Amino acid sequence: MISNISRLLSLSTAIVVASTAIAAAEPSAELIAAAKKEGTLTTIALPHDWCGYGDVIAGFKAKYGLEVNELNPDAGSGDEIEAIKANKGNTGPQAPDVIDVGLSFGPSAKADGLIQPYKVSTWDSIPDSAKDADGFWYGDYYGVLSFVVNKDIVKDAPKDWADLKKSDYANSIALAGDPRASNQAVQAVYAAGIAAGEKDATKAGEAGLAYFAELNKAGNLVPVIGKSASLAQGSTPIVIAWDYNGLSWRDTLKGNPPVDVIVPASGVNAGVYVQAISAFAPHPNAAKLWMEYLYSDEGQLGWLKGYCHPIRFNDLAKNKKIPQELLDKLPPAASYEKAVFPTLEEQAAGKAAITGKWDSVVGANVK
């Protein structure tokens, strides 16, 4: 997608572009003043160790001087929705202004009248497939399925899905979940189907099943749930997992063993979370200012420091706004250019095919 900033670059000089782009990405003075008058933002379900949220919240407070009232950091997406419902008429500290939820909760919250529209200044650089056209919800960050590799054991790391079929990887490959129940594992199977060239969701699911049937028949698939411990011990030296999980495992293991996180050359399947503002937000201007911060370059880089790829990642990388020391900790930026963001309908169709036929087609009892 070509952003407004990109269009300006083709029409103006670099100096004019720089000043205009900065202005376009900054919230208005009126919004800042209105948010400061409200004085507080109430969040929910934002643990500080998830996607770098601790530093993101601190950055917002430092930049605008607002208080942040943090409700139930360990809550799930369903809990966030229930908190909005339970506090429709409440303007007190238990009513959340904003939510950060799984993709499916955005459309359902819109349908139930629980969220309100707002388009941030950087709206055009958010992929169309990851946002509501009317601005009710929008993707914030994502992960992609990757190959997490124990480099002590695997000397020639796989680069794409086809590589995993090699005899070199006998008794080596595990999914990070049971594909009959785990979304992470389901999406890994779906990714293999995308890599096979299937566009239709059901066919992609079926192609993914056929692929894993081959891996299982060849003896490459280990029927256990891959985790950082099994990765380190060598019982599953290759685990197919979300990239942010793999990067976190890498840091936790601290080189014992050395770990590589590889985004495959094809079938780059992304899982997205979304942001929204409560329709009953007690602090609506603070909520809008929070969104402006999250979707600014600063906010997006804050998530990236926590290994969650911000939704504007490709835009930031293209415009060379990601510090080199941060890029050095991540898979190559170019790896994410092919990321596919399945719609809810596509996810549902793919999941139905995969969970319903895993036993009959693949026959591996992953546990």
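Because the structure is a prediction, the values reported are computed rather than measured. (Residues numbered from 1 in each chain as written. Predicted model: local features only at pLDDT ≥ 70, side-chain atom pairs only at ≥ 80, totals over all residues. Heavy atoms only, no water.)

Caption draft 1: Representation of the environment of Tyr141. Tracing the sequence through the fold places Tyr141 in strand S5 (residues 138-150). For the pair Tyr141 and Lys159, spaced 18 residues apart in sequence, the C-alpha to C-alpha distance is 24 Å. Residues in contact with Tyr141, not counting those within four places in the same chain, are Trp50, Cys51, Tyr53, Asp100, Gly271, Val272, Tyr273, Trp303, Cys308, His309, Pro310 and Ile311. Separated by 2.8 Å, the side chains of Tyr141 and Trp50 make a polar contact. (Helix = DSSP H or I, 4+ residues; strand = E, 2+ residues; numbered from the N terminus. Contact = heavy atoms within 4.5 Å. Polar contact = N/O pair within 3.5 Å; in protein donor to acceptor, adjacent residues only side chain to side chain.)

Caption draft 2: Spotlight on helix H8 (residues 201-218). For H8, spanning 18 residues, the distance from its first C-alpha to its last is 26 Å, which sits close to the expected 26 Å at 1.5 Å a residue. Buried within H8 we find Ala201, Ala204, Gly205, Ala207, Gly208, Leu209, Tyr211, Phe212, Ala213 and Leu215. Buried-residue contacts for H8 involve strand S6 (173-175), helix H7 (183-195), strand S7 (221-225), strand S8 (238-242) and helix H15 (344-361). In the segment just after H8, Gly219 is the residue with positive phi, at about 85°. (Expected span 1.5 Å × (residues − 1). Buried < 20%, exposed > 50% of the residue type's maximum accessible area, 1.4 Å probe, protein only.)

Caption draft 3: Representation of the state of the cysteines in the model. Within the structure shown, the criterion is met by one disulfide. A sulfur-sulfur separation of 2.0 Å characterises the disulfide bridge that pairs Cys51 with Cys308. Residues Cys51 and Cys308 share a disulfide whose torsion about the S-S bond is about -60°; that sign makes it left-handed. Of this pair, Cys51 sits in the loop between strand S1 (40-44) and helix H4 (53-64) while Cys308 is found in the loop between helix H12 (297-305) and strand S11 (309-310), placing the two residues 257 residues apart along the sequence. Here the two residues Cys51 and Cys308 agree in accessibility, since each one is buried. (Disulfide = S-S within 2.5 Å.)

Caption draft 4: Molecular detail of the pairing of S5. Burial analysis of S5 places 13 of its 13 residues in the buried class, which makes it a mostly covered element. Bridging between S5 and strand S10 (residues 270-278) involves six bridges; their strand directions are antiparallel. Bridging from a neighbouring strand, Tyr138 pairs with Gln275 of S10. Where S5 and S11 come together, two bridges link them in antiparallel fashion. The partner of Tyr141 across the bridge, within S11, is Pro310. Across five bridges, the pairing between S5 and S8 is antiparallel. Bridge pairing in S8 links Ser146 to Ala241. (Pairing = 2+ DSSP bridges.)

Caption draft 5: Local environment of the side chain of His309. Tracing the sequence through the fold places His309 in strand S11. Residue His309 is classed as buried on the basis of its relative accessible area of 0%.

Caption draft 6: Quick look at the pattern of salt bridges. Counted under the stated rule, the structure contains 14 salt bridges. Of the charged contacts, one joins Glu206 and Lys357 as a salt bridge, the two residues approaching to 3.4 Å between their closest N and O atoms. Of the two residues, Glu206 is situated in helix H8 and Lys357 in helix H15; the sequence distance between them amounts to 151 residues. With a relative accessible area of 34%, Glu206 lands in the partly exposed category. Exposure remark for Lys357: the relative accessible area of 37% places this residue in the partly exposed category. Notably, a salt bridge pairs Arg312 with Asp315, separated by 2.9 Å at the nearest N-O pair. Comparing Arg312 with Asp315 shows no difference in burial state: the two are buried. A single salt-bridge network, built from bridges that share partners, covers Asp297, Arg312, Asp315 and Lys321. (Salt bridge = Lys/Arg side-chain N within 4 Å of Asp/Glu carboxyl O.)

Caption draft 7: Looking closely at the pairing of strand S3 (residues 98-102). Of all five residues in S3, five are buried, a share of seventy percent or more. By the bridge criterion, five bridges tie S3 to S10 in an arrangement that is antiparallel. Following the sheet pairing, Val98 is matched in S10 by Ile277.

Caption draft 8: The arrangement of unusual backbone geometry in detail. Each neighbour pair has its own omega, and for Asn256 with Pro257 the value is 5°, a cis peptide bond. Mapped onto the elements of the fold, Pro257 is located in the loop between helix H10 (243-253) and strand S9 (259-262). Unlike most non-glycine residues, Asn72 shows phi in positive territory, near 35°. Looking at the element boundaries, Asn72 is found in the loop between strand S2 (67-71) and helix H5 (77-86). A relative accessible area of 46% means that Asn72 is categorised as partly exposed.

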